[in-house]
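Overview (structure and organization)
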Amino acid sequence: MDVALILLALLLIFVIVLLAKTVRIVPQARAGIVERFGKYRISLSAGLNVVVPFIDKVRYTIDLREQVVSFPPQPVITQDNLVVSIDTVIYFQVTDPVAATYEIANYIQAVEQLTMTTLRNIVGGMDLEGTLTSRDEINNRLRGVLDEATGKWGIRVNRVELKGIDPPPSIKDSMEKQMRADRDKRAQILTAEGGRQAAILTAEGEKQSSILSAEGDREALILRAQADRESSILRAQGEGQAILTVFQAIHDGNPDQSLLSYQYLQMMPKIAEGSANKVWIVPSEIGKALEGLGSTMNDLKGIPDKTDGVRQRVDMGSAETPEVGGPQGDADPERRRTSAAVEQAIAEAAAAANPNAGAPSTSPPAQADVPDPTVAPGEVPPQEPPAPPQT
């Protein structure tokens, strides 16, 4: 009984081992390489597979996904004999698991060595500056060489990237100095261009300002000249109208010789006006001038010695004045005062012309009627020195 149980247990174990050797499960995106007696027989796809137990053996399981392999930095000499350190990254994928298994022993190591040798060949034909600025060119050339060389291995190289290109420290220092000098040069150029542009804009602004100022001055001068012209025209018109008004008023008033003599005597005190006129000497010919004034004025055309008829006064906005007749004019108080003033002036002028005939006088009486503008009202004017004797 015990022997039967032992045999049954051994049979059960054999069945389990047999099933394990017969049924093979391959994961997704992987391929199994089956060998029979050490020789390749078949490739297993993903899923459940059945093989002959104890005869077929799954030797390798190949990953069919795209793989990324980063290689450590490798020293590479450029065309100008500078050593740079370059590390690369390879993106590849196994397309033929049988070739990847039996055509190459270790395809990852093979790709690494092929990448280094190809990279040295490519970079060796470039200088340092070309190496640093031509990464895309290096990537494309390296990918073409690797894809062609690894095709018989069942491998397809999808991308190659240069992760870093490190020149020597001395070269880095020189490159930094060069870059700093280049940046300083560009900064100075930009500053100079900015200053030039600012100077140009300032000069243009000053030019526009000068032009506008000149135009403004010209317009101001034109307007001022027009204003002066209009002012002169208006002033001349006003003076002409004033002369016409005075002339018309004189003719309307019908003047005679007494009025002209009175006006002449009124102009004499104005000669003494002013702070510099301290002494006023009446000429000795004033009497003769007054005596001949009437006869001289009689010769003037249009000015009669005496007038008759109605006299008119110029209306200056005041109330109407009664007409003054010829015979009644002698009874007018204003007319009498005027005649008295004229006679007094004639007598004083005659006395001044003949000082020996009467009391000596140092100054003409007419001067007393002229107020001194330098003396305030109510004050006593300063005494003038005696006039020198006339010869």
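One can find the structure itself at the top, above this paragraph.
The notes below deal with the structure included here.

Basis of the calculations
- Residues numbered from 1 in each chain as written.
- Predicted model: local features only at pLDDT ≥ 70, side-chain atom pairs only at ≥ 80, totals over all residues.
- Heavy atoms only, no water.
- Phe/Tyr/Trp six-rings, centres within 6.5 Å; stacked < 30°, edge-to-face > 60°.
- Helix = DSSP H or I, 4+ residues; strand = E, 2+ residues; numbered from the N terminus.
- Buried < 20%, exposed > 50% of the residue type's maximum accessible area, 1.4 Å probe, protein only.
- Salt bridge = Lys/Arg side-chain N within 4 Å of Asp/Glu carboxyl O.
- Pairing = 2+ DSSP bridges.
- Axes fitted to C-alpha atoms, helices over the stretch in contact; angles between N-to-C directions.
- Contact = heavy atoms within 4.5 Å.
- Parallel < 35°, antiparallel > 145°, perpendicular 65-115°, else oblique.
- Left-handed = near helix turned anticlockwise from the far one by under 90°.
- Nonpolar A, V, L, I, M, F, W, Y, C, P; charged D, E, K, R; others polar.
- Polar contact = N/O pair within 3.5 Å; in protein donor to acceptor, adjacent residues only side chain to side chain.
- Core = buried A, V, L, I, M, F, W, Y, C linked by side-chain atoms within 4.5 Å.
- Expected span 1.5 Å × (residues − 1).
- Arc of directions from axis to C-beta.

Things to note about the packing of aromatic side chains
- One pass over the structure, following the stated rule, counts 2 aromatic pairs.
- Taken together, a centroid distance of 5.9 Å and an interplanar angle of 70° make the contact between Tyr40 and Tyr102 edge-to-face. Taken as a pair, Tyr40 in strand β3 (residues 39–44) and Tyr102 in helix α2 (residues 97–102) lie far apart in primary sequence, 62 residues in all.
- Residue classification places Tyr40 among the partly exposed positions, given a relative accessible area of 32%.

A few points about the pattern of salt bridges
- For the structure shown, the criterion picks out 7 salt bridges.
- Between Glu35 and Arg59 there is a salt bridge, with the nearest N and O atoms lying 2.9 Å from each other. Here Arg59 lies in strand β5 (residues 56–63) and Glu35 lies in strand β2 (residues 30–36), a separation of 24 residues in the sequence.
- As a salt-bridge pair, Asp182 and Lys185 come within 4.0 Å of each other at their nearest N and O atoms. Here Asp182 pairs with Lys185, and both are found in helix α6 (residues 169–253), just 3 residues apart, close to one helical turn.
- When its relative accessible area of 33% is taken as the criterion, Asp182 is described as partly exposed.
- Residue Lys185 is classed as partly exposed on the basis of its relative accessible area, which comes to 48%.
- Via salt bridges that share partners, Arg36, Arg41 and Asp56 belong to a single interconnected network.

Focus on the sheet that holds β3
- If you trace the 3 strands from one edge of the open sheet to the other, you get β3-β2-β5, paired in antiparallel fashion. Of all strands in the sheet, those bounded by a partner on one side alone are β3 and β5. Each strand axis lies, on average, 30° off the axis of its neighbour in the sheet, ignoring direction.
- With 7 bridges joining them, β2 and β5 adopt antiparallel strand pairing. Residue pairing for β5: Arg30 is matched across the bridge by Asp63.

Focus: the environment of Pro73
- With respect to the helices, strands and loops of the structure, Pro73 is situated in the loop between β6 (67–70) and β7 (74–77).
- Given a relative accessible area of 48%, Pro73 falls into the partly exposed group.
- Each residue touching Pro73, except ones within four places of it in the same chain, is listed here: Ser85, Ile86 and Asp87.

Remarks on the pairing of β6
- Only one face of β6 is buried, namely the one carrying Gln67 and Val69, since none of Val68 and Ser70 on the opposite face is buried.
- Direction of pairing for β6 relative to strand β8 (residues 83–94): antiparallel, over a ladder of 4 bridges. Counted as the bridge partner of Ser70 is Val89 from β8.

Here we look at the packing of helix α3 (residues 107–123) against helix α5 (residues 135–149)
- Two elements in contact, α3 and α5, have axes whose closest approach is 10 Å; the angle formed by their N-to-C orientations is 135°. Our classification of the angle between α3 and α5 gives oblique. The element α3 and its partner α5 pack so that their crossing is right-handed. Contacts between α3 and α5 involve Val111, Leu114, Thr115, Thr118, Leu119, Ile122 and Val123 from the first element and Ile138, Arg141, Leu142, Val145, Leu146 and Ala149 from the second.
- Of the residues belonging to the contact of α3 with α5, the class tally is 10 nonpolar, 2 polar and 1 charged.

Some words on the environment of Lys163
- Locating Lys163 in the fold gives a position in strand β9 (residues 155–166).
- As for Lys163 and Thr88, which are separated by 75 residues in sequence, their C-alpha atoms are 5.3 Å apart.
- Those residues in contact with Lys163 that lie beyond four places of it in its chain are Ser70, Asp87, Thr88, Val89 and Arg135.
- A distance of 3.0 Å separates polar atoms of two side chains, one belonging to Lys163 and the other to Ser70.

Re unusual backbone geometry
- Even without being glycine, Phe37 reaches a positive phi, approximately 55°.
- Looking at the secondary structure, you find Phe37 in the loop between β2 and β3.
- A residue is classified by how much of its surface remains accessible, and Phe37, at 69% relative accessible area, is exposed.

Re the side chain of Ser134
- Within the secondary structure layout, Ser134 lies in the loop between α4 (128–133) and α5.
- Looking at Ser134, its side chain comes within polar contact range of the main-chain oxygen of Gly130, at 2.8 Å.

Focus on the nonpolar core
- Core analysis: the biggest nonpolar cluster contains 32 residues, and Ile86, Ile90, Phe92, Tyr107, Leu119, Ile138 and Leu146 have the highest contact counts within it.
- If we ignore the near neighbours within four places in the chain, the residues touching Ile90 are Gln67, Val68, Val69, Phe71, Val111, Thr115, Leu146, Val157, Arg159 and Val160.

A word on the side chain of Asn158
- Examined against the element boundaries, Asn158 turns out to sit in strand β9.
- Using a relative accessible area of 19% as the deciding quantity, one classes Asn158 as buried.
- Separated by 3.0 Å, the side chains of Asn158 and Glu66 make a polar contact.
- Those residues in contact with Asn158 that lie beyond four places of it in its chain are Glu66, Tyr91, Phe92, Gln93 and Arg143.

Comments concerning α5
- Compared with an ideal rise of 1.5 Å per residue, which puts 15 residues at 21 Å, α5 spans 21 Å between its outermost C-alpha atoms and is within 8% of the ideal.
- Taken together, the buried positions of α5 are occupied by Ile138, Asn139, Leu142 and Leu146. The arc that holds every buried residue of α5, seen down its axis, measures 95°, which confines them to one face. Exposed positions of α5 whose direction lies more than 90 degrees from the buried face are Asp136, Asn140 and Glu148.
- Residues of α5 that are buried sit in contact with β8, α3, α4 and β9.

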